[in-house]
Amino acid sequence: GLLGAWIGARVAGVRFWSFVDAVAPGVLLAQAIGRWGNYFNQELFGTPTTLPWGLEIDITNPAYPAGLPAGVLFHPTFLYESVWSLIGVVLLINLDKRFELRWGKLFAVYLVYYSTIRFWLEGMRVDPSAYFLSLRTNQWSAIVGVVVGIALFAYLKRRHTGVEPSVYVREPAVKE
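This is a predicted model, so every value here is computed, not measured.

With respect to the packing of helix 4 (residues 77-99) against helix 5 (residues 105-122)
(1) Moving on: Between helix 4 and helix 5, the least distance of the axes is 10 Å, while the angle of their chain directions is 160 degrees. When the axes of helix 4 and helix 5 are compared, the pair comes out roughly antiparallel. In this structure, helix 4 meets helix 5 at a crossing whose hand is right-handed. Note on element contacts: helix 5 touches helix 4 through Leu106, Val109, Tyr110, Tyr113, Tyr114, Ile117, Arg118, Trp120 and Leu121, opposite Thr77, Tyr80, Glu81, Trp84, Ser85, Ile87, Gly88, Leu91, Leu92, Leu95 and Asp96.

Comments concerning the packing of aromatic side chains
Ring pairs (aromatic) are described by centroid distance and by the angle formed between their planes.
(1) Moving on: Using the criterion set out here, one finds 11 aromatic pairs in the structure.
(2) Moving on: Considering the side-chain rings of tyrosine 39 and phenylalanine 78, the 5.3 Å spacing of their centres and the 40 degrees angle between planes classify their relative orientation as tilted. Taken together, the residues span a long stretch of sequence, with tyrosine 39 in helix 3 (residues 36-41) and phenylalanine 78 in helix 4 at a distance of 39 residues.
(3) Moving on: Judged by relative accessible area, tyrosine 39 falls into the partly exposed class, the value being 34%.

Describing the pattern of salt bridges
(1) Moving on: Applying the stated criterion across every chain yields a total of eight salt bridges.
(2) Moving on: Note that arginine 35 is salt-bridged to glutamate 81, the shortest N-O span being 3.0 Å. Of this pair, arginine 35 sits in the loop between helix 2 (16-34) and helix 3 while glutamate 81 sits in helix 4, placing them 46 residues apart in sequence. As far as burial versus exposure is concerned, arginine 35 and glutamate 81 are alike and both buried.

As for the side chain of serine 115
(1) Moving on: Topologically, serine 115 is positioned in helix 5.
(2) Moving on: Look at serine 115 and you get buried, because its relative accessible area is 8%.
(3) Moving on: For serine 115, the side chain forms a polar contact with the main-chain oxygen of leucine 111, separated by 2.7 Å.
(4) Moving on: When near neighbours in sequence (up to four residues on either side) are disregarded, serine 115 contacts Tyr110, Ala142, Gly145 and Val146.

Notes on unusual backbone geometry
(1) Moving on: Positive phi, close to 50 degrees, is recorded for leucine 133, a residue that is not glycine.
(2) Moving on: Residue position: leucine 133 is located in the loop between strand 3 (131-132) and strand 4 (135-136).
(3) Moving on: The exposed category is assigned to leucine 133, whose relative accessible area is 62%.
(4) Moving on: Phi at serine 134 takes a positive value of approximately 70 degrees, unusual for a residue other than glycine.
(5) Moving on: Residue position: serine 134 is located in the loop between strand 3 and strand 4.
(6) Moving on: When its relative accessible area of 69% is taken as the criterion, serine 134 is described as exposed.

Cut-offs applied
- Sequence positions are assigned chain by chain, starting from 1 and proceeding in written order.
- For this predicted model, a pLDDT threshold of at least 70 governs which residues receive local features, and a threshold of 80 or more governs which side-chain atom pairs are given and counted, while totals over whole chains, interfaces and linings are taken from all residues.
- Working from all heavy atoms in the structure, the side-chain values ignore hydrogens and water.
- Inter-axis angles, ranging from 0 to 180 degrees, are taken between N-to-C directions of lines fitted to C-alpha atoms, where helices are fitted over the stretch in contact.
- A helix here means a DSSP run of H or I that spans at least four residues, while a strand means a run of E at least two residues long, and both kinds are numbered starting from the N terminus.
- Oblique is the label for any angle not covered by the other classes, which are roughly parallel (under 35 degrees), roughly antiparallel (over 145) and roughly perpendicular (65 to 115).
- A clockwise turn of the near helix away from the far one marks a right-handed crossing, whereas an anticlockwise turn of less than a right angle marks a left-handed crossing.
- Residue contacts follow a heavy-atom distance rule, with two residues in contact if any of their heavy atoms lie within 4.5 Å.
- Stacked, edge-to-face and tilted are the three classes for Phe, Tyr and Trp ring pairs, Trp counted by its six-membered ring, which pair at centre distances within 6.5 Å; planes under 30 degrees apart are stacked, over 60 edge-to-face, the rest tilted.
- Think of it in three bands: with a 1.4 Å probe and only protein chains considered, a residue is buried below 20% of the maximum accessible area for its type, exposed above 50%, and partly exposed in between.
- We count a salt bridge whenever a side-chain nitrogen from Lys or Arg sits within 4 Å of a carboxyl oxygen from Asp or Glu.
- Here a polar contact is recorded for every N or O atom pair within 3.5 Å, except that within protein the pair must consist of a potential hydrogen donor and a potential acceptor, and residues adjacent in sequence are included only if both atoms are side-chain atoms.

In structure tokens form, the structure reads like this:
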């Protein structure tokens, strides 16, 4: 996706970092909405729970954990991710308003925020996954996302200390 964004930004004459900063809250909003597909598909749910908002999964579902009786409730990880992503949209917008996070810094904050959520949620899931050093592979991906986000923020903060002059690499031609 980032490669396509980079190509699109170059073709449009827009700074790549400006573009990803602008779309970061929208990407989180799209992820919040998209996770509801997991509810309708009854997939990617969490461990059993006794919480009142637990999700009942059809016992005939191939992802239903073997050995559990019908009627067990599971953590609705899709709902958790959806709610945390919506909170993230508000957080990113407010952080940008307060600190004017430009030059890719808002995108770096998005990476850290979303990857942190993913790490936590992946630890709750019961679907099959490969493990490495006691963590699911998707948790390792989330750790990489956090590290890349922090490193990117630090790098961009050092590299771009001033105000972003324009989102355009080249000013668009004015049509009269």
